[in-house]
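Residues per chain are reported as follows:
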Amino acid sequence: MVTGMVRTLIAGNWKMNGLKSSLSEVEKIVSALDSHPDNADCLICPPATLVVPMQDRAGARLNVGAQSCHPEAFGAFTGDLSAEQLKDAGASYVIVGHSERRSEHGERSAYVQEQAHACLRAGITPIVCVGESYAQKQRGETKDTVVRILRKSLPTLGSNDTLVVAYEPLWAIGTGLVPSAEEIAEVHLTIRNLLVELYQDRGADLRILYGGSMKPGNAAEILAIDNVNGGLIGGASLKADDLMAIYAAAVA
Ligand code: PEP
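For the structure given in this document, a descriptive report is provided here. (Residues numbered from 1 in each chain as written. Predicted model: local features only at pLDDT ≥ 70, side-chain atom pairs only at ≥ 80, totals over all residues. Heavy atoms only, no water.)

## Some remarks on the overall build of the protein
So, point 1. A tally of helices and strands in the protein yields ten helices and eight strands.
So, point 2. For the protein, the C-alpha radius of gyration of 17 Å lies close to 18 Å, the compact-globule estimate for 252 residues.
So, point 3. Per-residue burial for the protein yields a buried fraction of 53% across its 252 residues.
So, point 4. Considering only contacts in the protein between residues 6 or more positions apart, those separated by 24 or more positions represent 72%.
So, point 5. Here the protein displays about 11200 Å² of accessible surface, and carbon together with sulfur accounts for 51% of that area.
So, point 6. Within the protein, one finds 22 positive and 29 negative side-chain charges whose respective centroids are separated by 2 Å. (Helix = DSSP H or I, 4+ residues; strand = E, 2+ residues; numbered from the N terminus. Rg over C-alpha atoms; globule rule 2.2 N^0.38 Å. Buried < 20%, exposed > 50% of the residue type's maximum accessible area, 1.4 Å probe, protein only. Contact = heavy atoms within 4.5 Å. Areas by Shrake-Rupley, 256 points an atom, 1.4 Å probe, with all protein chains shown as cover. Lys, Arg positive; Asp, Glu negative; His and termini not counted. Charge placed at Lys NZ, Arg CZ, Asp CG, Glu CD.)

## A short note on the environment of V51
So, point 1. Relative to the helices and strands, V51 is located in helix α2 (residues 51–57).
So, point 2. A residue is classified by how much of its surface remains accessible, and V51, at 1% relative accessible area, is buried.
So, point 3. With 42 residues separating them in the primary sequence, V51 and L9 have C-alpha atoms 19 Å apart.
So, point 4. Not counting chain neighbours up to four residues away, the residues in contact with V51 comprise P46, V64, G65, A89, G90 and A91.

## Some thoughts on the sheet that holds strand β6 (residues 164–167)
So, point 1. Read around the closed barrel, the eight strands follow the order β1-β2-β3-β4-β5-β6-β7-β8; overall the barrel is parallel. Direction aside, the axes of adjacent strands within the sheet are offset by 25° on average.
So, point 2. Judged from the four bridges that link them, strand β1 (residues 8–13) and strand β8 (residues 230–233) form a sheet pairing that is parallel. Bridging across to β8, A11 finds its partner in L232. (Pairing = 2+ DSSP bridges. Axes fitted to C-alpha atoms, helices over the stretch in contact; angles between N-to-C directions.)

## Focus on the site of the ligand
So, point 1. The environment of the ligand is formed by 14 residues, the closest being K15, H98, E168, G174 and S213.
So, point 2. In this structure, E168 approaches the ligand through a side-chain N or O atom, which is 2.7 Å from an oxygen atom.
So, point 3. In this structure, G174 approaches the ligand through a main-chain N or O atom, which is 2.7 Å from an oxygen atom.
So, point 4. In isolation the ligand exposes 290 Å². Once the protein is present, 97% of that is buried. (Near = heavy atom within 4 Å. Polar contact = N/O pair within 3.5 Å; in protein donor to acceptor, adjacent residues only side chain to side chain.)

Given below as structure tokens:
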């Protein structure tokens, strides 16, 4: 299914990188956005410490997000942040279910679904991540794995809610490896069909991002693939020039 009408989202995941001094990159991004057509969305998800100062500098065209949230709105959860707090700080998206959270923090799909529901409760768009391991790919289990994880991780959508899915093969994150265009197309079509099954017509317009070693050099090819509605970018989002080169490919 070719969607066509979906607005591309170029999303940076800064992970545990960035100090106040990194805000100079944001200033470069904000001014560079003005020299590009406004036909794709740009988002950075910095560490939580930078959400407020980044939002203060973001202007109208840069969205600011966060990288995780607790399912509860408030309470005795030392060290955690709720979706409501992130919204209050200026976040409009939250990444949930990133493979690094799933593996380093034992966050399982049922928990990811609770986090996604928390985002919706707070008026934030969740970016629900999913991907297969290299072993699963080798066994030919990519599509089954992605569908199985998403069925458990995706939230129920209320009438004003929306969400984003990010397909991130685990073996492609931070490795320089990228699936072939055919492989990406096949998985994104599988995800699209699942979204339509779960959310009917609305599923046709939900954004499906590709993530995993997206760079200025491969962005145009990846973004041209059917049902790829943007990218979730780790390493290459830390430098304004690289992120803007990817954004330029999205708006070309
Ligand atoms: C990520 O961790 O979400 C990611 C896509 O990282 P990288 O672009 O560095 O592979």
